[in-house]
Amino acid sequence: MGTRAQLEIKRIVDRLASAIVEHRLPPGARLTEAKLVEVLGANRNHVRSALQKLASEYKVVTIVPNRGACVAQPTIKEAKDVFAARIVIERSIVELAIENLTAKNRNRLLKQLEKEDGAIKRGERQEMIRESGNFHRVLAQIAGNEVLDELLAGLITRTSLIIALYQETPNVQCSIEEHQALVDAILARDCAQARYLMDEHMKTIQRYLLLDDRPGEVDLQSALEES
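About the criteria used
Residues numbered from 1 in each chain as written. Predicted model: local features only at pLDDT ≥ 70, side-chain atom pairs only at ≥ 80, totals over all residues. Heavy atoms only, no water. Salt bridge = Lys/Arg side-chain N within 4 Å of Asp/Glu carboxyl O. Helix = DSSP H or I, 4+ residues; strand = E, 2+ residues; numbered from the N terminus. Pairing = 2+ DSSP bridges. Core = buried A, V, L, I, M, F, W, Y, C linked by side-chain atoms within 4.5 Å. Buried < 20%, exposed > 50% of the residue type's maximum accessible area, 1.4 Å probe, protein only. Contact = heavy atoms within 4.5 Å. Polar contact = N/O pair within 3.5 Å; in protein donor to acceptor, adjacent residues only side chain to side chain. Axes fitted to C-alpha atoms, helices over the stretch in contact; angles between N-to-C directions. Parallel < 35°, antiparallel > 145°, perpendicular 65-115°, else oblique. Left-handed = near helix turned anticlockwise from the far one by under 90°. Nonpolar A, V, L, I, M, F, W, Y, C, P; charged D, E, K, R; others polar.

## Here's the deal with the pattern of salt bridges
Tallying each qualifying case throughout the model produces 18 salt bridges. The closest approach of N and O atoms between Arg11 and Glu8, which form a salt bridge, is 2.8 Å. You can see Arg11 and its partner Glu8 sitting in helix α1 (residues 4-21), three residues apart, about one turn around the helix. What you see here is one network of salt bridges that share partners, running through Glu22, Arg24 and Arg130.

Right under this line is the structure:
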């Protein structure tokens, strides 16, 4: 269950992580301790511990000595590494989910698709982002491996931050059609097809991000010389 302090730190972590996932806190946003204390009704020590946890475990906050904390801005290499890690983890989750496919778990998957569809029909962007991520969390919970679920939760938060930073268009998100096809494969207990669809799903999301290598330091004198 945890101590009161641990539960309070978890509450703060969850609030901040949700805001990052739903793009309410964009990359680079300053996270002033005093303001967080006021907004979250928390004490400074708990806020500080939550920020340290988000920085060390979730990798979605950057803390600079004497300058404070801000929402992280992942590099292109980090972004590619996160997607590579998600592919490996989500393959295992799909396999375990098929093994644990009970009638109750079938209904959970179908119910989650309904929630996503409802969010899309209402045009609620933040809800769409949240339910899209929840689809992957539901799969992880059905898989029944708590460690994989924890790892995926952190990677989903980092993925959302990457999308906010590198999206090519304002509407990069998981496709419900791809989720539906994945559920169909899982319900049919077609492990090979489910793994393939999950791989393609992750690659599709990455394809819509601007993750090509970009130039480093630019020689301003050369760039600004008149021809």
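## Topic: the pairing of strand β2 (residues 61-64)
Regular strands have side chains that alternate between both faces of the sheet. Relative to strand β3 (residues 68-71), β2 runs antiparallel, the two being bridged by four bridges. Residue pairing for β3: Thr62 is matched across the bridge by Cys70.

## Topic: the nonpolar core
A general feature of soluble globular proteins is that nonpolar side chains tend to end up buried together. The biggest cluster of nonpolar side chains holds 38 residues, and the ones touching the most others in it are Ile93, Leu109, Leu139, Leu182 and Ile186. Counting only elements with at least two residues in this core, the list comes to α4 (76-99), α5 (103-122), α6 (125-143), α7 (146-166), α8 (176-187) and α9 (191-207). No other element matches the 10 residues that α4 contributes to this core. When residues no more than four places from it in sequence are discounted, the contact partners of Leu139 are Ile93, Ala97, Leu109, Leu182, Ile186 and Met198.

## Digging into the environment of Thr75
As for its position among the elements, Thr75 is in the loop between β3 and α4. Measuring from C-alpha to C-alpha, the distance between Thr75 and Ile162 comes to 8.6 Å, with 87 residues separating the pair along the chain. One polar contact links the side chain of Thr75 to the main-chain amide nitrogen of Glu78, over a distance of 3.1 Å.

## Digging into the packing of α6 against α8
Interaxial distance between α6 and α8 falls to 12 Å at its minimum, and their mutual angle equals 15°. Here α8 runs roughly parallel to α6, going by the angle between their axes. The way α6 lies across α8 gives a crossing that is left-handed. Contacts between α6 and α8 involve Ser132, Phe135, His136 and Leu139 from the first element and His179, Leu182, Val183 and Ile186 from the second. Residue classes in the contact of α6 with α8 are distributed as five nonpolar, three polar and no charged.

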